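# Tertiary structure, described
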Amino acid sequence: MWALAAAGGSRGDAEPGRPHSRPRHPGTRTMLPLLLPLLATAHGLVRLAYAPTLAEETLGGLTTTSTFTLEQPRCVFTEVRDDAIIWLVVAVPEAVPSFNDSVEPGTPERAFQRFPAGAPAYMTLNTTLPNYPCPKPTGEITVLRVGSETACAGSETRPTCNGPLPGPGPYRVKFLVLEGSEPVAETTWSKPITLRTARQPGSIPAAGSGRSAAMIALTAILSILFAVLLAGLVAMLVFWGSDAYGGSSTFSKPEAVTVQRYNTHHVYDQPAARL
Amino acid sequence: MERAATHLPKDQCFFPSVCLCLRTSQKNWCTRSLMTPCSSCCCRLHEELKMAKSGDGIHILQGLLVFGNVVIGMCGIALTAECIFFVSDPHGLYPLLEATENDDIYAAAWIGIFVGFALFALSILGIIGVIKSKRTLLLVYIILMLITYAFEMASCITAATHRDFLTPNLFLKQMLEMYRKSEPINNNDKWMTEGVTKTWDKLMLENQCCGVQGPTDWQEYMSAFRTTHSDADFPWPHNCCVMDAQGSPVNLDGCKLGVPGYYNSNGCYDAISGPMNTHAWGVAWFGFAILCWTFCVLLGTMFYWSRIEY
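Conventions adopted
- Residues numbered from 1 in each chain as written.
- Chains lettered and ligands numbered in written order.
- Predicted model: local features only at pLDDT ≥ 70, side-chain atom pairs only at ≥ 80, totals over all residues.
- Heavy atoms only, no water.
- Helix = DSSP H or I, 4+ residues; strand = E, 2+ residues; numbered from the N terminus.
- Buried < 20%, exposed > 50% of the residue type's maximum accessible area, 1.4 Å probe, protein only.
- Contact = heavy atoms within 4.5 Å.
- Areas by Shrake-Rupley, 256 points an atom, 1.4 Å probe, with all protein chains shown as cover.
- Salt bridge = Lys/Arg side-chain N within 4 Å of Asp/Glu carboxyl O.
- Disulfide = S-S within 2.5 Å.
- pLDDT = per-residue confidence, 0-100.

### Let's talk about the overall build of chain B
From N to C terminus, chain B includes 11 helices and two strands. Put simply, chain B has 310 residues, and 50% of those count as buried. Taking as baseline every contact in chain B between residues at least 6 positions apart, the subset at least 24 positions apart corresponds to 72%. In the structure as shown, chain B presents an accessible area of about 14,400 Å², 64% of it carried by carbon and sulfur atoms.

### Notes on the pattern of salt bridges
Counted by the stated rule, this structure contains 14 salt bridges over all chains. Here R226(B) and D231(B) are joined by a salt bridge, their closest N and O atoms 3.8 Å apart. With relative accessibility at 6%, the residue D231(B) sits in the buried group. Beyond isolated ion pairs, a larger network of salt bridges with shared partners links R47(A), D101(A), K174(A) and E186(A).

### Description of the state of the cysteines
Summed over the entire model, instances satisfying the criterion amount to five disulfides over all chains. Across the disulfide from C75(A) sits C134(A); the S-S distance is 1.8 Å. Classification of the bridge connecting C75(A) and C134(A) rests on its S-S torsion, roughly 110°, and on that basis the disulfide is right-handed. Linking C75(A) in the loop between β3 (68-71) and β4 (85-91) with C134(A) in the loop between β5 (121-128) and β6 (141-146), this pair joins segments that are 59 residues apart in sequence. One disulfide in the model links C152(A) with C161(A); its S-S distance is 1.8 Å. Judged by the sign of its S-S torsion, about 75°, the bond between C152(A) and C161(A) is right-handed. Here C152(A) matches C161(A) in class, with each residue buried. Disulfide partners in chain A, listed by the sequence order of the bonded cysteines, are 1-2, 3-4. In this model C75(B) remains outside any disulfide bridge; the closest cysteine sulfur is found in C292(B), 12 Å from its own.

### Some words on the confidence of the model for chain A
Residue and element names in this part refer to chain A. The predicted model of chain A has a mean per-residue pLDDT of 77, with 72% of residues at 70 or higher. At the low end of the mean pLDDT range in chain A sits helix α3 (residues 254-261), at 42; at the high end sits β3, at 92. Ignoring residues within four places in sequence, the model shows residues 3-23, a span with pLDDT below 50, making 46 contacts including any to other chains. Below pLDDT 50 for its whole length, residues 247-263 participates in 18 contacts with residues either more than four positions away or in separate chains.

### Things to note about the confidence of the model for chain B
Per-residue confidence for chain B gives a mean pLDDT of 83, with 82% of residues at or over 70. Among the prediction metrics, the complex's ipTM stands at 0.76, with pTM recorded as 0.73.

### Remarks on unusual backbone geometry
In this structure, the amide linkage connecting F115(A) to the following residue, P116(A), adopts the cis form with an omega of -5°. As for its placement among the helices and strands, P116(A) is situated in the loop between β4 and β5. Each neighbour pair has its own omega, and for G169(A) with P170(A) the value is 5°, a cis peptide bond. Tracing the sequence through the fold places P170(A) in the loop between β6 and β7 (172-179). A positive phi angle, near 60°, is found at C75(A), a position not held by glycine. Residue C75(A) is classed as partly exposed on the basis of its relative accessible area, which comes to 38%. Of note, S133(B) is a non-glycine position whose phi angle comes to about 55°, a positive value. Take S133(B): it is sitting in the loop between α4 (104-132) and α5 (135-163).

Quick look at the structure:
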């Protein structure tokens, strides 16, 4: 089985009175050496080295003409609270250098319906960390399909819609973690992802009418045989005609032949050539 | 009043071309007339010659011709049966051909049905003609056989030629342009579109295949299907998904993602071209074999015809 991330809710897990504290996680001890530099940037943005990637190649629908499939960010957000919301940001490559992390999702500047002309980037697929459990179970396919929601693609009331992408791209994505409206962590931007382009069926080369050797051989041989048979038929008819003609001539002038020959006395003198 | 005939000794007779032997139908019997005093020996000579001609050689030739005609008769029946099988379209692929407007391999099969019957009937005529040694009967047989030969030749050449037209690109283009086309131009277009759609749905379900070369056909090209079904919901038709017993996809999300095992990743071209190749080659090459045999039998019959007495 696999897990597809859908829009999920957040769970409140902060300790009362200490909104920025986070509960102890089992992996915290190994992370202790890293805490010191991180404490210095406690209220800043954590930049993770992870870059979102496309899922594995064996999927037939990895990229289509309006969707693409990312690998889920499992075991990436280790320092993030359970109630923080992890957003997926999809942007055109030109918007990457000037991207402002503080713009709230759901505003017109980040609305899917205005992408890419009115909004160079949009945010979608919001969920919380418990939906990306670590470690990833073996044998499961954990993917995020970007562009799978078609129902809300046109409605302005759902600016965080995971709608189908409008063109072949390229697009760059990253994950952004917000606590409230404060960005706390982000991944690096992915490589540009280009979707498929569909060609017109008219561009398919017209069905080649190549003649196969077998067909040519068959036609040639049959034609020759038929010609021979026709020649035979003609020969037959000519033979019949000449035979009948010869017979009738013999028929028609019996007197001329036999009267001349009727001479019993000179039987032996008659030349055999007359025969 | 007849003059008394003089009977000469045999070695003093003339050859039959000088004497006159009157013929009545097939029987060679001579009449004596005033002009032919050697009539009796002339006829005897003629009889001897005739005996030499209708010796063992002729009997063997007769036997061979009868055997040849029996084989032609049986092959004629086999050809009729084979062509009826093809015309009945057991794989249901005829709508695809009809839509290409290039269904001449079916025309070849139809001709084959009638040629088969004709061959059977003519072989019986041939057997009778050979046994009875009648010239007119054999001439009729030869002429009718040549006409049948010409038709069968046309059928073979048509089947072989039009088989060459049936390439993967032809079916790909047709599938993309007609499968689930929503706005047909006229009634004919509507009929062909519905035929293509039904055939493809059946093909994809029964053969567990998708597209002509694979599901990527639906991604690489625009299609009539794509105009009414969005790419996000239908990267390929749902008939490409692995179905359960009730006929619905086992896992629609898996099918849309293209997870191996939940969608059919192979193409349908083999399922189409296999039966069509069998059809076309069956008509063309079996017909060719029959014609080669018929050629030999006809030549033998022509030779036999020239040897029998009239």
